Amino acid sequence: MTQRRRGAALEKALLDAAWEELTDNGYARFTMDAVVKRAGTSPPVLYRRWSDRDELIRATIVHILTESRPAVPDTGSLREDVLTLMREIGTAHVQLVTVMYAHLASYYRETGRSPSNLFDPVATGRKAALDTLFDRSVDRGEIKPELLTERIKTLPFVLLRHEILSTFAPVPDHVLEEIVDTIFLPLVR
């Protein structure tokens, strides 16, 4: 006999089932009923938490991005911190990035909303993580805080995502170094 799931354990099981359904069948074929079946639960259990498919998809993306968020490195150098983080994303998270963007193209077609609207950096903790990384570099005197806009903070990671989506492969180190050394660092120094 299986133990009844409750609270956070139940929510995690539901969101994991939703992620599996999304990755296996894509957004176009994603249904609440399929998630219910995959999670081994009943419709009221799911609908008590998320009223519709769009709400469940948004919660699923936040869940998976939060769970897969890499640790914030602290190497003592902004260059090495950013490169360390980009190396992890550019190798270990290639599949996650490609699957997410490939399946969420249908989300855009159906809802008119950009998939980037799903990747809320505040909800997933990514903003706080990057702020920590950049605050340390400001404290060390490596960068000028007045040059550090939100767009510039995310620039290396946007370029990394572009590389991943262009090749569907791990990003070579020389490309990461070029992004950091020739594009990003000159903007903050």
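Our structure is the block above this text.
A brief structural summary.

Rules of the game
- Residues numbered from 1 in each chain as written.
- Predicted model: local features only at pLDDT ≥ 70, side-chain atom pairs only at ≥ 80, totals over all residues.
- Heavy atoms only, no water.
- Salt bridge = Lys/Arg side-chain N within 4 Å of Asp/Glu carboxyl O.
- Helix = DSSP H or I, 4+ residues; strand = E, 2+ residues; numbered from the N terminus.
- Buried < 20%, exposed > 50% of the residue type's maximum accessible area, 1.4 Å probe, protein only.
- Polar contact = N/O pair within 3.5 Å; in protein donor to acceptor, adjacent residues only side chain to side chain.
- Contact = heavy atoms within 4.5 Å.

A word on the pattern of salt bridges
Then comes step 1: Applying the stated criterion across every chain, the model contains 20 salt bridges.
Then comes step 2: Arg 140 is the partner of Asp 81 in a salt bridge, and the nearest nitrogen-oxygen pair spans 3.6 Å. Highlighted residues: Asp 81 in helix α5 (residues 78-92) and Arg 140 in the loop between α7 (126-139) and α8 (150-167), separated in sequence by 59 residues.
Then comes step 3: Of the residues examined, Asp 81 reaches a relative accessible area of 0% and is grouped as buried.
Then comes step 4: We classify Arg 140 as partly exposed; its relative accessible area is 33%.
Then comes step 5: We note a salt bridge from Arg 140 to Glu 142, for which the minimum N-O separation is 2.7 Å.
Then comes step 6: Ionic contacts of the salt-bridge type, sharing partners, join the residues Arg 79, Glu 80, Arg 87, Asp 173, Glu 177 and Asp 181 into one network.

Focus: unusual backbone geometry
Then comes step 1: One non-glycine residue with positive phi stands out, namely Phe 168, at about 55°.
Then comes step 2: Examined against the element boundaries, Phe 168 turns out to sit in the loop between α8 and α9 (173-188).
Then comes step 3: The class of Phe 168 is exposed, set by a relative accessible area of 58%.

Topic: the side chain of Arg 53
Then comes step 1: Relative to the assigned elements, Arg 53 resides in helix α4 (residues 53-67).
Then comes step 2: A polar side-chain atom of Arg 53 sits 2.8 Å from the main-chain carbonyl oxygen of Phe 30.
Then comes step 3: Ignoring sequence-local partners within four residues, the contact set of Arg 53 consists of Tyr 27, Ala 28, Phe 30, Met 32 and Glu 110.

Keep in mind these values describe shape, not function.
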